[in-house]
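Read off the chains here:
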Amino acid sequence: MPLFAKATLVSVFLASVLFVHLRGRARLPLLRQMFNYSALFTPYNSLMYLFSRTPSRPYVERRDFPELDLLRDNWQTIRDEALALFDEGYIRAALRDNEAGFGSFFKKGWKRFYLTWYDGPLPSARQLCPKTLELLGRLPSVKGAMFTLLPAGSHLNPHRDPFGGSLRYHLGLATPNSDSCRIFVDGQPYAWRDGEDVMFDETYVHWVKNETDSPRLILFCDVERPLPSPLRQINRWISGVLGRATAPQNVEGERVGSINRAYGGFKRIGNAIGSRVRQFKRANPTAYRVVRPVLAVALGVLLFRWIAG
């Protein structure tokens with residue numbers, strides 16, 4: 001590849017990372033943003049933001065999506081199926097630690113049960129949640145949906161979701177109904193309430209705190225970002241490819257996407273390496289602080305050599 005083409009690609013990538021990093025008031029550390037896997041999507045996400053038909057802000061006007069009234073109006077029906085799943089132990093962590101999108105959440109006690117995920121409903125959901133799936137089936141803009149539970153006294157650390165082709169919808173089902181159980185999107189808080197819903201852009205930095213004695217159970221959906229043609233069709237195709245590659249499972253025997261299968265394998269290898277790194281950090285904290293930036297510089301040198309190639 002010619003030098004100019006390489007330099008252009010790298011410049012576009014770095015500019016998009018910086019654009020996403022500076023978007024909003026809440027930010028991840030720059031080095032974490034640069035080397036987080038979400039950085040890979042920043043050129044695509046920048047395009048989504050520039051052409052989105054919803055304003056670029058942390059919370060999205062819920063009234064701009066009137067079709068979602070169907071879910072809010074039937075929240076008690078949805079809640080009853082979710083509570084039955086919880087009682088039977090189906091709302092739980094990934095069976096084999098093979099969930100790339102939400103893997104870090106499980107450490108905080110976060111649990112989930114998938115209803116539908118881009119390429120269609122999960123077989124277990126068809127059997128266990130027929131009423132909720134019937135409602136979701138009437139909403140083509142909802143590409144993924146699940147029940148999620150955050151335990152009492154738990155939290156989720158600041159993060160940004162990697163893919164900007166969708167927006168996030170939450171419907172409170174069985175919540176503490178307290179201002180002490182809330183999400184912060186770009187630093188702006190929202191407290192869940194039973195039967196109330198909210199939409200936000202999950203690619204802004206956000207975090208969650210449940211500082212109550214009760215768990216929080218919600219319906220969690222990915223809703224297609226409104227875009228003009230032909231970006232709308234392109235986004236649907238890319239969303240479908242990524243969705244199939246990240247297909248999850250609720251029970252044994254359900255299909256697992258290629259990215260999740262790979263993530264599970266790398267996670268096992270990473271856990272072994274991570275254990276050695278943590279041992280080194282505890283034994284040599286000063287050396288660890290020196291080695292991290294040295295590795296970052298080494299990666300920069302390798303990138304420069306590739307460009308100069």
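How each quantity is defined
- Counting restarts for each chain: residues are numbered from 1 in the order of the written sequence.
- Thresholds applied to this predicted model are a pLDDT of at least 70 for local features of residues and 80 or more for the giving and counting of side-chain atom pairs; totals over whole chains, interfaces and linings are not thresholded and use all residues.
- The basis for every side-chain value is the complete set of heavy atoms in the structure, and neither hydrogens nor water enter the calculation.
- In this analysis, strands are considered paired if DSSP registers two or more bridges between them.
- Numbering of helices and strands runs from the N terminus, with a helix taken as a DSSP run of H or I at least four residues long and a strand as a DSSP run of E at least two residues long.
- Between N-to-C directions, angles cover 0 to 180 degrees, with each direction set by a line fitted to C-alpha atoms, over the stretch in contact for helices.
- UniProt positions are given in the numbering used here, feature names are shortened, and annotations may be inferred rather than shown by experiment.
- Counted as salt bridges are all cases of a side-chain nitrogen of Lys or Arg within 4 Å of a carboxyl oxygen of Asp or Glu.
- Partly exposed describes any residue whose relative accessible area lies between the buried limit of under 20% and the exposed limit of over 50%, with all areas from a 1.4 Å probe on protein chains only and scaled to the type maximum.
- Here a polar contact means two N or O atoms within 3.5 Å. Within protein one must be a hydrogen donor candidate and the other an acceptor candidate, and residues neighboring in sequence count only if both atoms are side-chain atoms.
- Any two residues having at least one pair of non-hydrogen atoms within 4.5 Å are treated as being in contact.
- What we call a nonpolar core is a set of buried Ala, Val, Leu, Ile, Met, Phe, Trp, Tyr and Cys residues that are connected through their side-chain atoms within 4.5 Å.
- Helix span is expected to be 1.5 Å times the residue number reduced by one.
- To be clear, the arc concerns the directions from the helix axis to the C-beta atoms.

Digging into the sheet that holds strand β7 (residues 188-191)
If you walk across this open sheet you meet the four strands as β4-β9-β6-β7, and the pairing is antiparallel. Pairing within the sheet leaves two strands with one partner each, and these edge strands are β4 (155-159) and β7. Neighbouring strand axes in the sheet, compared pairwise and without regard to direction, differ in orientation by 20° on average. Where β4 and strand β9 (residues 206-210) come together, three bridges link them in antiparallel fashion.

Side note on the UniProt feature "domain: Aspartyl/asparaginy/proline hydroxylase" (unreviewed entry) in the chain
Within the UniProt annotation, "domain: Aspartyl/asparaginy/proline hydroxylase" (unreviewed entry) is assigned to residues 73-226. For residues 73-226, helix accounts for 18% and strand for 37%, while the C-alpha atoms at its two ends are 23 Å apart.

Quick look at the pattern of salt bridges
One pass over the structure, following the stated rule, counts 19 salt bridges. Here arginine 23 and aspartate 201 are joined by a salt bridge, their closest N and O atoms 2.8 Å apart. Of the two residues, arginine 23 sits in the loop between α1 (3-22) and α2 (30-35) while aspartate 201 sits in the loop between β8 (197-200) and β9, which places them 178 residues apart along the sequence. Just as arginine 23 is buried, aspartate 201 falls in that class too. A salt bridge links aspartate 69 to arginine 62; the shortest N-O distance between them is 2.7 Å. Through salt bridges with shared partners, a single ionic network connects Arg62, Asp69, Arg72, Asp73 and Asp197.

Examining the pairing of strand β3 (residues 142-150)
The element β3 is extensively covered by neighbouring structure, given that eight of its nine residues are classed as buried. Across eight bridges, the pairing between β3 and strand β10 (residues 216-224) is antiparallel. The partner of phenylalanine 147 across the bridge, within β10, is leucine 219.

Things to note about the side chain of arginine 225
Its place among the elements puts arginine 225 in the loop between β10 and α8 (231-245). At a separation of 3.1 Å, a polar atom in the side chain of arginine 225 contacts the side chain of aspartate 201. Sequence-distant contacts of arginine 225, defined by excluding residues within four places in its chain, comprise Met48, Tyr49, Ser52, Thr54, Gly164, Gly165, Ser166, Leu167 and Asp201.

What to know about the sheet that holds strand β5 (residues 166-174)
Read across the sheet, six strands follow the order β1-β8-β5-β10-β3-β2 without closing on themselves; strand pairing throughout is antiparallel. Of all strands in the sheet, those with a lone pairing partner are β1 (59-60) and β2 (111-117), marking the two edges. Where β2 lies against β3, six bridges are found, and the strand directions are antiparallel. Each bridged residue has a counterpart across the sheet, and for phenylalanine 113 the counterpart in β3 is phenylalanine 147. In this fold helix α5 (residues 75-87) packs onto β2, β3, β5 and β10, with an angle of close to 80° to the strand it touches most, β5.

Considering the nonpolar core
Of all hydrophobic cores here, the largest spans 54 residues; its most connected members are Leu68, Leu71, Leu115, Phe147, Leu219 and Cys221. With residues up to four places along the chain from it excluded, the contact list for leucine 68 reads Arg62, Leu139, Val142, Tyr169, Met199 and Val223.

Focus on α5
If you check α5, its first and last C-alpha atoms are 18 Å apart, about what 13 residues at 1.5 Å a residue would give, namely 18 Å. Buried within α5 we find Trp75, Ile78, Glu81, Ala82 and Leu85. All buried residues of α5 fall inside an arc of 130° around its axis, so they share one side. Among the residues trailing α5, glycine 89 stands out with phi positive, at a value near 80°.

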